[in-house]
Amino acid sequence: MGWNFLGAPDIIFAERFDVRWALRLGTLYGISIRLHFTFLFLVAFLFLVTTLGGGWLAGLRSLLFILLVFVCVLLHELAHSYVSVRYGLRVRSITLLPIGGLALLEDVPREPRQEIHIALAGPAANFVLALWLGVLLSVLEPGAAFTPMLSGEALLASLFWSNLYIGLFNLIPAYPLDGGRVLRAWLSARRDYVEATHVAVGVGQVFSLLIILGGLVLREPWLVVIGLFVFWAGLAEDRMAVLQSALERIYLEDVMLTEFQSLAPSDSLFDALDRALHSLQNDFPVVAEGRVVGVLTRSGLLRAFSGQGWNNSVQAVMSSRFETAQRRDTLGTAFKKLTARGLSVIPVLEDEHLVGIVTLQNLMHSIAFLSRKGAAEFEFLRRG
Ligand SMILES: [Zn+2]
C-alpha cells in the first residue's frame, strides 16, 4: 500500500502553535509527551489493512514496526529537546503526529549557531540509531542491510532503513524541516531575521512542491500529504516571524489609544455609565491629580450595577491593582502583561503622567494589521 516511512518529518515550533486533540502519554524531564488522536486512527487503520491482507501475525508485526518507528521519531525529538534545554530554552511538549513529530519550544533561538545545533541534533540521533542498527544487522543477518525495505517482516533491517530515511528526509532544506532551519540560521547570520525566514520559506516551498510532485510520480499519497504540511507550516512560520518582529520592534507609543476618556475617583457610576454608553471604550483609567490611581473595567462596572452599588463612586468599585506600561515599552511586553494576567486595559505613562491606554482588542487589531505582508515597510518597523 502507498504508505511508508520515507518521510516522517518533524517540525520545531515556537509555543504559540498549540496542538489540540492530543493524548498525554506522560512527562519526561519536564517535557510533556503527547500522542495526537489521528495517530491512533492511523495505527488502527494500518493494523486492519495488514491483518485483512495477511492475517493476525502480519498485522501485529506491522503494528510493532510502526510503534518502533515512532519511538525513533520520539528519540529524534528528544535530541532536539536535549540541545534546546542545554541552551537554556524550555521545551513545552513533544507531540507525535501521524506524519512525524512536533516539538514545541518556548521560543526558537535567535542565535544562528544554537539554531543549527538544535536542528542538526534530530537527524544526528537517527544516524546514530542507524549506525547501531547497521552494526547489529551485519552481525545477525549479514547482507540483509543492503536491501532497502520498510515492512514488519524484517524488523531490524526496516528500522535501519527508516532511521536513515528519517535522518536524510529532515535534512532537505524545506523550511521548517531541520535542513530548512539550518538554512534559515545560516541566512540570518548574514541578514535580517525576518528576511532570512522569508527566503528560507521560499526555498522550502520549492522543495515542498518537489516533495508533492515526487509523491504524485511515485504514487505515494503520503508524500503528498507531507509536502502539503511542510508548505503550510512554512507559510505559518513566515507570518509568525513577521509578527514576532512586530512585537519586538513596535513601541506602545506607535499603537496606543490616545483619544480616550478617563474618570475621577469621585465620579459617580452614572458618570461612568454615561461615558461607556457614549463611546466605544470599555475600560477607563481613573486619574487623580494627574496620576493614575485605578482602572474601572467594563466587567467591574457591570458588577457594580448588578449588585446594590448604584450610588457608589468610581473609587469604591475601581480596581486599584493594575499594571502600567511606558510609552517606549514594546508591543510584546504589553501583550504578555495583558494576556498573562487577564487584564483588559493598561494605562501608558510618561514621567508618571497618563499619555495613552492599550487594550487587548487594540493590540490584537494592531498586530493583525502590522503582521500583514508588506508591514515591514513601515518606518517604525525598521528601526532597532
Ligand atoms: Zn527534526
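For the structure, check the block above.
Residues numbered from 1 in each chain as written. Predicted model: local features only at pLDDT ≥ 70, side-chain atom pairs only at ≥ 80, totals over all residues.

Which parts of the structure should I look at to understand the overall build of the chain?
Tallying secondary structure elements over the chain gives 13 helices and ten strands in all. Relative to its full complement of 384 residues, the chain shows a buried share of 39%. For the chain, contacts bridging at least 24 residues in sequence account for 62% of all contacts bridging at least 6. (Helix = DSSP H or I, 4+ residues; strand = E, 2+ residues; numbered from the N terminus. Buried ≥ 20, exposed ≤ 12 C-beta atoms within 10 Å, placed from the backbone. Contact = placed C-beta atoms within 7 Å.)

For this particular structure, what's the right way to read the packing of helix H2 (residues 112–140) against helix H4 (residues 178–188)?
Between two packed helices, what matters for the description is the angle formed by their axes and the separation of those axes. Contact geometry of H2 with H4 gives a least axis separation of 9 Å together with a crossing angle of 165°. Judged on the interaxial angle alone, H4 and H2 are roughly antiparallel. Crossing angle aside, the handedness with which H2 passes H4 is left-handed. Taken together, the residues of H4 that come into contact with H2 (itself represented by Pro112, Glu115, Ile116, Ala119, Leu120, Gly122 and Pro123) are Asp178, Arg181, Val182, Ala185, Trp186 and Ser188. Considered class by class, the residues forming the contact of H2 with H4 number eight nonpolar, two polar and three charged. (Axes fitted to C-alpha atoms, helices over the stretch in contact; angles between N-to-C directions. Parallel < 35°, antiparallel > 145°, perpendicular 65-115°, else oblique. Left-handed = near helix turned anticlockwise from the far one by under 90°. Nonpolar A, V, L, I, M, F, W, Y, C, P; charged D, E, K, R; others polar.)

Just to check I follow, could you spell out the sheet that holds strand E9 (residues 345–350) for this structure?
Sheet strands pair via backbone hydrogen bonds, and the direction of the pair is either parallel or antiparallel. The strand order across the open sheet formed by three strands is E8-E9-E10, and the pairing between neighbours is mixed. Of all strands in the sheet, those with a lone pairing partner are strand E8 (325–326) and strand E10 (353–359), marking the two edges. Direction of pairing for E9 relative to E10: antiparallel, over a ladder of six bridges. What sits directly across from Pro347, in E10, is Ile357. Of the strands in this sheet, E8, E9 and E10 are in contact with helix H11 (residues 331–340), which crosses E9 at around 145°. (Pairing = 2+ DSSP bridges.)

Explain the environment of Thr38 here, please?
With respect to the secondary-structure elements, Thr38 resides in helix H1 (residues 37–86). C-beta crowding within 10 Å serves as the criterion here: with 13 such atoms nearby, Thr38 is assigned to the partly exposed category. Residues Thr38 and Leu97, spaced 59 residues apart in sequence, show a C-alpha to C-alpha distance of 7.1 Å. In contact with Thr38, other than residues within four places in its own chain, are Leu97 and Pro98.

Any chance you could explain the pairing of strand E6 (residues 284–288) here in plain terms?
It is a general feature of regular strands that their side chains alternate between the two faces of the sheet. As defined by bridge partners, E6 adjoins strand E7 (residues 291–296) across five bridges and the pair is classed as antiparallel. What sits directly across from Val286, in E7, is Gly294.

Is there a simple way to explain H2 in this structure?
An α-helical turn contains 3.6 residues, so any two residues separated by three or four positions project in the same direction. End to end, H2 covers 42 Å across 29 residues, agreeing with the expected 42 Å (1.5 Å per residue, within 8%). At Ala121, H2 shows its largest kink, close to 30°, and the proline Pro123 lies no more than four residues downstream. (Expected span 1.5 Å × (residues − 1). Bend = angle between axes of the 7 residues up to and from the residue.)

Just checking my understanding: could you explain unusual backbone geometry for this structure?
Residues other than glycine predominantly adopt negative phi, and peptide bonds predominantly adopt the trans conformation. Despite not being glycine, Tyr29 shows a phi value in the positive range, around 50°. Examined against the element boundaries, Tyr29 turns out to sit in the loop between strand E2 (22–28) and strand E3 (31–36). Taking the number of C-beta atoms within 10 Å as the measure of exposure, Tyr29 has 10 and is therefore exposed. We note that Glu289 has phi near 50°; this positive angle belongs to a residue other than glycine. Looking at where Glu289 falls in the secondary structure, it is placed in the loop between E6 and E7.

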